[in-house]
Amino acid sequence: MIRFIQYAPQKYRCETHEIPETVLSRLDRSAINWLDIDIGAECTWINQLADHFHLHVTLQDDILHHRHLPKSEIFDDHLFMTLKMLRLDRETMQVSVEQVSMVLGGNYLLTFQEELQGDVFDEVRYRIEHAMGKVRQAGADYLFCRLMGVVVDHYVEILEFFREKIDELEDIVLGHPQEKNVKQIARLKKEVNRVRRYIFPLAAEVARLMSDGDPWIQRATHTYLRNIYDHVQTVYAGMENLGDRLKDLMDLHLSRISHDMNRVMKTLTVVTTIFIPLTFLAGIYGMNFRYMPELEQPWGYPALLLLMLGIAAGMSIWMWRKKWF
């Protein structure tokens, strides 16, 4: 499926087509042509688009294979960029990853997605439709930067969500840590590492576009590229910080669990120590010897109880003064 958006300052068209021939016949050199292409299902007509826009065979492979890290390539006829679009499930704290490939030409932009439904570009489409901002007056390079900027903005949202969850976990760990917190910390650490893995190369590619992107990226658009670069750097630094915080949080959690266990063991040790002499006395008078003088005395039983109570009280006071409990 292809979502075709064509626009100019006084012109707007948005259509959805199942075959590329219809779209290719409606391209207009006097307008900006945005072809948003779904390649999630088996795409049998990618070669037609490649032939029409002169896409290199290696570039086609990069579009169809979704395991690439972000990268960019500059050709004579166009500029190619691939990056990861991340979406967060706030319930499970998991990040879904979708590859987005973009081909920028003089008056067109091709975007290749694994699935068109549920992407992050609705805001840009809305601004184009209602002629908001400068998008209808600018070129395809501006649209290219806006789409890339929207993707990076979602990185910022994910960063802020992770930061809030880590703050909550810190409060829990400092208060009443539980075993389930270990799984939450490990899950967050895994997702942070995934996001960081996709962000690091993106910063280098954006910097490359700022230096080598001419003529496809106009000088007037470099301001937006620089803003994207700053956001990527901020997110990467933030993810680095979150990774360190999660490591420290795991250490803190294990330390608190160990501390609580030590308190339990300390309490049990104190109780055991108090009962050792009491058990000794009970063991002596529990033996079945015939000649034990205290057994014949009427005060023998209460005297033994008072002795045991005195020993327990004395040991408790002594340990309390030692601040053992």
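Quick note: structure is the one above.
Below is a summary of the structure that appears in this document.

What counts, and where the lines are drawn
Residues numbered from 1 in each chain as written. Predicted model: local features only at pLDDT ≥ 70, side-chain atom pairs only at ≥ 80, totals over all residues. Heavy atoms only, no water. Pairing = 2+ DSSP bridges. Helix = DSSP H or I, 4+ residues; strand = E, 2+ residues; numbered from the N terminus. 1 Å grid on protein atoms, 1.4 Å probe; cavity = no way out; pocket = protein on both sides within 12 Å on 5 of 7 lines; lining within 4 Å. Points joined across faces, edges and corners; volume = space filled by probe spheres on them. Nonpolar A, V, L, I, M, F, W, Y, C, P; charged D, E, K, R; others polar. Phe/Tyr/Trp six-rings, centres within 6.5 Å; stacked < 30°, edge-to-face > 60°. Buried < 20%, exposed > 50% of the residue type's maximum accessible area, 1.4 Å probe, protein only. Axes fitted to C-alpha atoms, helices over the stretch in contact; angles between N-to-C directions. Parallel < 35°, antiparallel > 145°, perpendicular 65-115°, else oblique. Left-handed = near helix turned anticlockwise from the far one by under 90°. Contact = heavy atoms within 4.5 Å. Patch = residues over 30% accessible without salt bridge, like charges linked within 9 Å, V, L, I, M, F, W, Y side chains within 5 Å. Areas by Shrake-Rupley, 256 points an atom, 1.4 Å probe, with all protein chains shown as cover. Salt bridge = Lys/Arg side-chain N within 4 Å of Asp/Glu carboxyl O. Core = buried A, V, L, I, M, F, W, Y, C linked by side-chain atoms within 4.5 Å. Polar contact = N/O pair within 3.5 Å; in protein donor to acceptor, adjacent residues only side chain to side chain.

Our focus in this paragraph is the pairing of strand 2 (residues 11-17). On a regular strand, each side chain points to the face opposite its neighbour's, so the side chains alternate between the two faces of the sheet. As paired strands, strand 1 (residues 2-8) and strand 2 are joined by seven bridges and run antiparallel to one another. The partner of A8 across the bridge, within strand 2, is K11. Between strand 1 and strand 2, which pair antiparallel and follow one another directly, the connecting turn spans two residues.

Reported here for the largest pocket is a volume of approximately 250 Å³. Taken together, L24, L27, D28, R29, N33, H52, F53, H54, D77, N107 and Y108 make up the full set of residues lining the largest pocket. Residues of the lining of the largest pocket, tallied by class, amount to four nonpolar, four polar and three charged.

What follows covers the environment of A140. Checked against the element boundaries, A140 lands in helix 5 (residues 140-175). Linking A140 and L110, residues 30 residues apart in sequence, is a C-alpha distance of 10.0 Å.

Next up on the list: the packing of aromatic side chains. Each aromatic ring pair is characterised by the separation of its centres together with the angle its planes make. Under the counting rule described, the total for this entry stands at five aromatic pairs. Taking the centre distance of 4.6 Å and the plane angle of 45° together, the rings of F53 and Y108 count as tilted. Of the two residues, F53 sits in helix 2 (residues 46-53) while Y108 sits in strand 7 (residues 108-113), which places them 55 residues apart along the sequence. For the pair F53 and Y108, a shared accessibility class is recorded, and that class is buried. Ring centres 5.3 Å apart and planes at 40° place the aromatic pair F200 and Y236 in the tilted group. Placement of F200 in helix 6 (residues 180-212) and of Y236 in helix 7 (residues 222-285) is noted, with a sequence separation of 36 residues between them. Residue F200 is classed as exposed on the basis of its relative accessible area, which comes to 52%.

On to the packing of helix 5 against helix 6. Axis separation between helix 5 and helix 6 bottoms out at 11 Å; the angle between their running directions is 155°. As judged from the angle between their axes, helix 5 and helix 6 are roughly antiparallel. With respect to the hand of their crossing, helix 5 and helix 6 are arranged in left-handed fashion. Contacts from F144, M148, V152, Y155, I158, F162, K165, I166, L169 and I172 in helix 5 reach N181, Q184, I185, L188, E191, V192, V195, I199, L202, V206 and L209 in helix 6.

Attention now goes to the sheet that holds strand 1. Pairing is mixed in the open sheet, where seven strands are placed in the order 2-1-3-7-6-5-4. The sheet is open, and its two edges are formed by strand 2 and strand 4 (71-74), each paired on a single side. Averaged over neighbouring strand pairs, the angle between their axes works out to 15° when direction is ignored. With respect to the sheet, helix 2 is in contact with strand 3 (32-38) and strand 7, its orientation differing from that of strand 7 by roughly 155°. The strands touched by helix 3 (residues 57-64) are strand 4, strand 5 (79-89), strand 6 (94-104) and strand 7; relative to strand 6, the strand with the most contacts, the crossing angle is about 155°.

The subject of this paragraph is a nonpolar patch on the surface. A surface patch of nonpolar side chains, about 380 Å² in accessible area, is lined by M261, V264, M265 and L268. Within the fold, M265 resides in helix 7.

Turning our attention to the environment of L278. One can find L278 in helix 7. The exposure class of L278 is buried, given its relative accessible area of 10%. When the C-alpha positions of L278 and K247 are compared, they lie 47 Å apart, and in sequence the two are 31 residues distant. Aside from chain neighbours lying at most four places away, what touches L278 is M308, I311 and A312.

So, about the packing of helix 5 against helix 7. Interhelical geometry of helix 5 versus helix 7 gives an angle of 20° and a closest axis separation of 9 Å. Taken together, the axes of helix 5 and helix 7 lie roughly parallel to each other. Judged by the sense of rotation from one axis to the other, the crossing of helix 5 with helix 7 is left-handed. Among the residues forming the contact of helix 5 with helix 7, the class breakdown is 23 nonpolar, six polar and six charged.

The biggest cluster of nonpolar side chains holds 60 residues, and the ones touching the most others in it are F144, M148, F162 and M239. Contributing elements (two or more residues each) for this core: strand 1, strand 3, strand 5, strand 6, helix 4 (122-129), helix 5, helix 6 and helix 7. Dropping the residues within four chain positions of it, M239 is found in contact with I158, L159, F162, V192, V195, R196 and I199. Residues I2, L55, V103 and Y108 belong to the second largest nonpolar core, which totals 21 residues.

One can find Q99 in strand 6. For Q99, the side chain forms a polar contact with the main-chain oxygen of D62, separated by 3.0 Å. In this structure the side chain of Q99 is engaged in a polar contact, spanning 3.1 Å, whose partner is the side chain of K84. When residues no more than four places from it in sequence are discounted, the contact partners of Q99 are D62, I63, H65, H66, R67, H68, T82, L83, K84, F112, Q113 and E114.

For the rest of this paragraph, the subject is the side chain of H222. Inspection of the secondary structure puts H222 in helix 7. Every residue in contact with H222, bar those within four places of it in the chain, is listed here: L209, M210, D214 and I217.

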